[in-house]
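Here are the chains, one letter per residue:
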Amino acid sequence: MPRYAAFLRAINIGGRRVTNDDLRAAFQAVGFADAVVWRASGNVIFDADSRSAAKVTERVDAGLTEALGYEVRTFLRTATEVRKIAAHEPFDPAHVRGPAGKLQLALLGTAPSTSARREVLALATDDDRLAFGDRELYWLPSGGFAESDLDRNALVKALGAMTWRTKNVLEEIARKYFAS
């Protein structure tokens, strides 16, 4: 049975608060009895009876919308994809250790086009380094997420909806739930 990680966008914003127990119950109601919620930021690891990530994503999105009463966007990754993301080093390790900022990762719904990649990479500076994975954008800010001058609205315009995590989150999930 395939194992997946669901990274949920905007699960706890705008005055909404979904507890880990509520989120686990919502996944169970959709038929994923073994769902594990990791941290309180919309990361859910579960097994599904389908190898079609698109069908699993549809099922999760519809089930969460029904259970929570508002639309939730799911960015699904397979075990192999989580391991690949965790292992990928898009920047020179000296740069990653150097800045005060943490290596950020935007999970995208689809692989960006060549023109979208060019448009986004043109936004990169020495203070905001950018690199792509398959369906991921890696961002190394020189400072904190909020202090950056990176135009995140331009990122959304070029790439569509996304959800952010630190790369450390993906590395920890890979070690804990997807070790091969």
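Small disclaimer: the values here were computed from a predicted structure and weren't measured.

### Description of helix H6 (residues 152-159)
So, step 1. Along H6, the residues classified as buried are Ala-154, Leu-155, Ala-158 and Leu-159. Within H6, the buried residues cover an arc of 110 degrees as seen down the axis, which keeps them to one side. Summarising the geometry of H6, the exposed residues directed more than 90 degrees from the buried face are Asn-153 and Lys-157.
So, step 2. Where the residues of H6 are buried, they touch strand S5 (104-108), helix H5 (114-121), strand S6 (128-132), strand S7 (136-141) and strand S8 (162-166).
So, step 3. Capping the start of H6, Asp-151 holds a side-chain oxygen 3.1 Å from the backbone nitrogen of Asn-153, two or three residues further along.

### Observations regarding the pattern of salt bridges
So, step 1. What the rule picks out here adds up to 8 salt bridges.
So, step 2. Between Arg-3 and Asp-47 there is a salt bridge whose closest N-O contact spans 3.0 Å. Here Arg-3 is found in strand S1 (residues 3-9), whereas its partner Asp-47 is found in strand S3 (residues 43-47), with 44 residues between them in sequence.
So, step 3. With a relative accessible area of 30%, Arg-3 lands in the partly exposed category.

### Some details on the nonpolar core
So, step 1. In this structure, Phe-7, Ile-45, Val-82, Leu-170, Ile-173 and Phe-178 are the most contacted members of the largest nonpolar core, which totals 22 residues.
So, step 2. Put simply, the parts of the chain that give this core at least two residues each are S1, helix H3 (79-87), S5, S7 and helix H7 (167-177).
So, step 3. Tallying contributions element by element places H7 first for this core, with 5 residues.
So, step 4. Val-82 has contacts with Ala-5, Arg-77, Leu-170, Ile-173, Ala-174 and Phe-178, leaving out every residue within four places of it along the chain.

Analysis parameters
- Residues numbered from 1 in each chain as written.
- Predicted model: local features only at pLDDT ≥ 70, side-chain atom pairs only at ≥ 80, totals over all residues.
- Heavy atoms only, no water.
- Buried < 20%, exposed > 50% of the residue type's maximum accessible area, 1.4 Å probe, protein only.
- Helix = DSSP H or I, 4+ residues; strand = E, 2+ residues; numbered from the N terminus.
- Arc of directions from axis to C-beta.
- Contact = heavy atoms within 4.5 Å.
- Polar contact = N/O pair within 3.5 Å; in protein donor to acceptor, adjacent residues only side chain to side chain.
- Salt bridge = Lys/Arg side-chain N within 4 Å of Asp/Glu carboxyl O.
- Core = buried A, V, L, I, M, F, W, Y, C linked by side-chain atoms within 4.5 Å.

So, to be careful, I would describe these as geometric facts and stop short of saying anything about function.
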